[in-house]
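# Structural description and commentary
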Amino acid sequence: MVESSDYVSLVTLLPMSVLLVEPFYGGSHKQLIDVLRENIDDCVVYTLPAKKWHWRARTSALYFMQNIPESPSYSLVADTVLFNSTFNMESFLTSMPSFFKSIPDHRPKDLDSLIRPKCQVLHFPIRFPDVTRFLPEHKLHRRTIGSHINCATAVPGDMHSHSHLIVAGSSSSQPCSESEEESGQQQDAAVTPEPERDTEDQRGPELQPPPATLLPQGSHPGAQPRPLHIVWPHRWEHDKDPELFFRTLLKLKDGGLRFQVSVLGETFTDVPDIFAEARVPLEEHILHWGYMPTKEDYLKVLCNADVVISTAKHEFFGVAMLEAVHCGCYPLCPKALVYPEIFPAEYLYSTPDQLCKRLRGFCKRPDVVRRHTIKVDTSMYSWEVLGDRFRSALSVSGLTATQGGQAEGSPAGCFSPSLEPVGVS
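Presented here is an overview of the structure given in this document. Just so it is clear, the model here is predicted, and its values are computed rather than measured. (Residues numbered from 1 in each chain as written. Predicted model: local features only at pLDDT ≥ 70, side-chain atom pairs only at ≥ 80, totals over all residues. Heavy atoms only, no water.)

### Considerations on the overall build of the protein chain
What counts is decided by this rule: Secondary structure elements are defined from DSSP: runs of H or I of at least 4 residues count as helices, runs of E of at least 2 residues count as strands, and each element is numbered from the N terminus. Exposure categories follow from relative accessible area, calculated using a 1.4 Å probe and restricted to protein chains: below 20% of the type maximum is buried, above 50% is exposed, and the middle band is partly exposed. Contacts are residue-level and defined by heavy atoms, with any inter-residue pair within 4.5 Å sufficient.
Of the regular secondary structure elements, the protein chain holds 17 helices and 13 strands. Looking at the protein chain as a whole, 50% of its 425 residues qualify as buried. Pairs at least 24 residues apart make up 77% of the contacts formed inside the protein chain by residues separated by at least 6 positions.

### Some details on helix α12 (residues 319-326)
Burial analysis of α12 places eight of its eight residues in the buried class, the great majority of the element. Taken together, the buried positions of α12 are V319, A320, M321, L322, E323, A324, V325 and H326. Directly beyond the C-terminal end of α12, a positive phi value near 90° is found at G328.

### Quick word on the nonpolar core
For clarity, the cut-off: To define a nonpolar core, start from buried Ala, Val, Leu, Ile, Met, Phe, Trp, Tyr and Cys residues and group those joined through side-chain atoms within 4.5 Å.
Counting 84 residues, the largest nonpolar core has F246 and F343 as its most contacted members. Per element, the largest residue contribution to this core is six residues, and it comes from α12. With residues up to four places along the chain from it excluded, the contact list for F246 reads V263, I274, F275, A278, L282 and W289.

### Quick notes on the packing of helix α9 (residues 242-254) against helix α14 (residues 352-364)
Stated precisely, the cut-off is as follows: Every angle, taken between N-to-C directions, lies between 0 and 180 degrees, and every axis is a line fitted to C-alpha atoms, over only the stretch in contact when it is a helix. With respect to orientation, any angle under 35 degrees is reported as roughly parallel, any angle over 145 as roughly antiparallel, any angle of 65 to 115 as roughly perpendicular, and every other angle as oblique. It is the rotation of the near helix from the far one that decides the hand of a crossing: anticlockwise by less than a right angle makes it left-handed, clockwise makes it right-handed. Residues are grouped as follows: Ala, Val, Leu, Ile, Met, Phe, Trp, Tyr, Cys and Pro are nonpolar; Asp, Glu, Lys and Arg are charged; all remaining types, including Gly, are polar.
At their nearest, the axes of α9 and α14 sit 10 Å apart, and the two run at 45° to each other. Overall, the two elements α9 and α14 adopt an arrangement that is oblique. For the crossing formed where α9 meets α14, the hand is right-handed. Facing L244, T248, K251 and L252 of α9, the residues of α14 in contact are P352, D353, L355, C356, L359, R360 and C363. Residue composition of the contact of α9 with α14, grouped by class: seven nonpolar, one polar and three charged.

Written as C-alpha cells, this is what we have:
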C-alpha cells in the first residue's frame, strides 16, 4: 500500500490492473480497502490518513492526480459506476442538475441521464466474524430457536429488499403465518407515538417476562433485570449527530430510568464538545467510553449490549449498525437516509421524541429487547455473498460483460471507495 508522501511507482514495477484510491483510510473505509486488497488480484492501493473528512472529499482528487504515477494500465473514465446503496445512487444522480446550475460557465445538460445507465448498486461487503463465544446466553438461545422469517416487517413497496428477513446470522427460512403477520403489524405500529401506558401494559404475549431459563446472564427469578445496555458505535463527529444522542440519554437520566451506555467509535483531530459535556452527568451510567483497543474488545461490547442507536445526519450505508445487529443488538435508526433500505419499519424512528419514547419503554422493560428476534439478514451484506460480484466488477471479463465489448487484456481500472460514486473503468 502506498500512503501519503510515500510515492514508490509500483505501477511501473508490477503489472497491476486495479488501482484502489482511498483518501480517508480509516473506519469502514479502511475495512473495504483491506478486504478488496486481500481478495482482488493485481491491485495497488493509494491512501491518505483518515483526517478532515470534508476536506478529503473536496480536494483529494487533485492531490492524487498529482501524485499517482501515470501508467497505461489505468483508465480513469468510468464505464460502470458502483454505489453502496440505492439511496447513495439516487442522492448523487438527483443532485447533479442543481449542482451544475451553480457553475458559472460550462453547464453540461442531462449528464445525470447519461450516467444513470452506467450505475449499479453493490452493497458494502462486511467480513462478519464468528462471535458465538462472546454472546450471552439469551442471545445464543434467540439465535438457535428464532430462525423463522417475519415477512410482515418488510418495508411497503420494497419487498425485494426485505424478502429474506431473518435472525441476524441465521440462514434458514420459512413462510409467514397469519399470526406472525399480525405480530409484525403490531411491532410496526410501535414506531408511531402512542399512549405511554401501552409501553408496559398492552404489548401482547411476546413481551411478557421471559421464562426463568431465558433470563439474561447474571439474573435470577424475582431479581430486578440488569439495566438496558445502549451502545453508540460511531465516529465522534458532527455528522453522526452525537448531540441528539446525548440529549436523549440525559432525558432518560432526568426521568430516573435505569440504563447503561457504551460510547465507542474513532476520534479525530476535532472532537465535538458534547462528548466532554455529557460525560460528567452520565458518568454513573457509562460502561465503556472511547475507541476499543482491539476488534475483539469491540465485538465483546456489542455482544453484551441490548440496543444500538444511530442518530446520523449523513449515512450512505452504516457498517457499524450492521455489525452490532450481527452481535444481536436491537437497532434504532432514523427513518431517513439509507436506513429504510436496510431495516424494517419497526426499527426506525421519525423524530427525536419517538427515539426517546422507544428507549424509555425499553429501559422500563429490557426483557422486551432481550427476547426480540431481529428481522435483518446480515448475511446479505457479507463478503461471502458479495465477494464474487466485486471480483467480477473489478475484472476484465466482468467489465466486458457490463460494457458489451471492452478489448481483451485492457485494464480493469480505478476504484475509489471513499467517494460517493465509485467508478470502474
